[in-house]
Amino acid sequence: MKNYSFTTRNVTAGERDAAGVMVLRHLGDVTVTLEGMLPAELSEWEWAAAALNTRGWNEEQFLLTVRGWKVVHPEAGVVGILLQGAGTRVHVEWYDAANEDYFSAGWVRNLRHGAAQIVNARQTAGQGLPVDVEPEPYKAPAPVVPVWLEGGTVVRYHGSLSELSGGTFRVEDCYRTEACDLDCDGYALYRIGEWWPCAVHVGLAHVTALDAEPAAA
């Protein structure tokens, strides 16, 4: 029988804070695996499986349709069982480690809900399951700092000036031009072969070098 893995997300626990107020503490996610029962194992649960026969089918024929799964946690072992017949809801039993016995956790719609029911039942009984190991938080790569280009470098402009966007230009230090009236640390753009800038105060991140060699003016 096929095995399944289900994760119950955002498991919480109630505890009192320093002021004595009951608060919920987020613990994390809990993943369990459903392993199919062998016929010999399933036969031990016929009494529970028979209760799923709410349509009055022949009992022997109905029991042939019943499938069972052991709910296994990688650290805690078997923490419950799930039973389901043809077209029936899922019967849930959770394992009480303190009393070394199984207790009913009701009926649910599907296997995923059954797994979550067992995790929550254990948590409520003070037998919470170890949460999954959280992966390292994603670290965005450091932003690339634009390299200052030498005067005369040919670039493609991709800034906010729509009439120039995508065009090819020659860059010079902006503060060196007569058109710059600021103490500017940007570029002046020149159309190739022209001497008067078509744009000034252009940021370093708004151009991309196309040629390492300076262009002829």
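Let us look at the structure shown here. (Residues numbered from 1 in each chain as written. Predicted model: local features only at pLDDT ≥ 70, side-chain atom pairs only at ≥ 80, totals over all residues. Heavy atoms only, no water.)

1. As for the nonpolar core
In step 1: The biggest cluster of nonpolar side chains holds 20 residues, and the ones touching the most others in it are Val32, Leu34, Val71, Leu82, Val92, Leu111 and Ile118.
In step 2: Listed by contribution, the elements that provide at least two residues to this core are strand E1 (4–16), strand E2 (22–36), strand E3 (67–73), strand E4 (77–84), strand E5 (90–96), strand E6 (101–108) and helix H4 (111–124).
In step 3: Among the elements that make up this core, the one with the highest residue count is H4 (five residues).
In step 4: If near-sequence neighbours (up to four positions away) are discounted, Val32 is found in contact with Tyr4, Ser5, Phe6, Val71, Val72, His73, Ala115, Val119 and Leu129. (Core = buried A, V, L, I, M, F, W, Y, C linked by side-chain atoms within 4.5 Å. Buried < 20%, exposed > 50% of the residue type's maximum accessible area, 1.4 Å probe, protein only. Helix = DSSP H or I, 4+ residues; strand = E, 2+ residues; numbered from the N terminus. Contact = heavy atoms within 4.5 Å.)

2. Describing the pairing of strand E8 (residues 168–173)
In step 1: Where strand E7 (residues 153–157) and E8 come together, three bridges link them in antiparallel fashion. From the neighbouring strand, Val155 faces E8, where its bridge partner is Phe169.
In step 2: With four bridges joining them, E8 and strand E9 (residues 187–190) adopt antiparallel strand pairing. Note that in E9 the partner of Arg170 across the bridge is Tyr190. (Pairing = 2+ DSSP bridges.)

3. Let's talk about the sheet that holds E2
In any sheet, the strands associate via hydrogen bonds between backbone groups, in a parallel or an antiparallel arrangement.
In step 1: What the six strands build is an open sheet, ordered E1-E2-E3-E4-E5-E6; its pairing is antiparallel. Single-partner strands in this sheet number two, and they are E1 and E6. Across the sheet, the mean angle from the axis of one strand to that of its neighbour is 30°, orientation sign disregarded.
In step 2: Pairing between E4 and E5: five bridges, direction antiparallel. In the strand pairing of E5, Leu83 is matched with His91.
In step 3: Where H4 meets the sheet, it contacts E1, E2, E3, E4, E5 and E6, and its direction lies at approximately 30° from that of E1. (Axes fitted to C-alpha atoms, helices over the stretch in contact; angles between N-to-C directions.)

4. Quick look at the environment of Leu210
In step 1: Within the fold, Leu210 resides in strand E11 (residues 207–214).
In step 2: Judged by relative accessible area, Leu210 falls into the partly exposed class, the value being 45%.
In step 3: Once the C-alpha coordinates of Leu210 and Gly28 are considered, the two residues, 182 residues apart in sequence, prove to be 50 Å apart.
In step 4: Residues in contact with Leu210, not counting those within four places in the same chain, are Val154, Val155, Arg156 and Thr168.

5. Side note on the pattern of salt bridges
Where charged atoms of side chains with opposite charge meet at close range, the side chains can pair.
In step 1: Applying the stated rule across the entire model yields four salt bridges.
In step 2: One salt bridge connects Glu15 with Arg25, and the closest N-O pair in it is separated by 3.0 Å. Here the residue Glu15 occupies a position in strand E1, and Arg25 occupies one in strand E2, the gap between them amounting to ten residues.
In step 3: Judged by its relative accessible area of 32%, Glu15 is partly exposed. (Salt bridge = Lys/Arg side-chain N within 4 Å of Asp/Glu carboxyl O.)

6. A closer look at the side chain of Asp173
In step 1: Within the secondary structure layout, Asp173 lies in strand E8.
In step 2: In this structure, Asp173 is in contact with Trp148, Gly186 and Ala188, ignoring residues within four places of it in sequence.

7. Some details on H4
In step 1: Given a rise of 1.5 Å per residue, 14 residues ought to cover 20 Å, and the 20 Å separating the end C-alpha atoms of H4 matches this to within 8%.
In step 2: On the buried face of H4, the contacting elements are E1, E2, E3, E4, E5 and E6.
In step 3: Measuring from the side-chain oxygen of the N-cap residue of H4 to the backbone nitrogen of Arg112 gives 3.3 Å; that N-cap residue is Asn110.
In step 4: Count one or two residues on from H4 and you reach Gly126, which has phi positive near 80°. (Expected span 1.5 Å × (residues − 1). Polar contact = N/O pair within 3.5 Å; in protein donor to acceptor, adjacent residues only side chain to side chain.)

8. Describing the environment of Pro130
In step 1: Its location among the elements puts Pro130 in the loop between H4 and E7.
In step 2: A relative accessible area of 30% places Pro130 in the partly exposed class.
In step 3: Placed 75 residues apart in sequence, Pro130 and Arg55 show a C-alpha to C-alpha distance of 39 Å.

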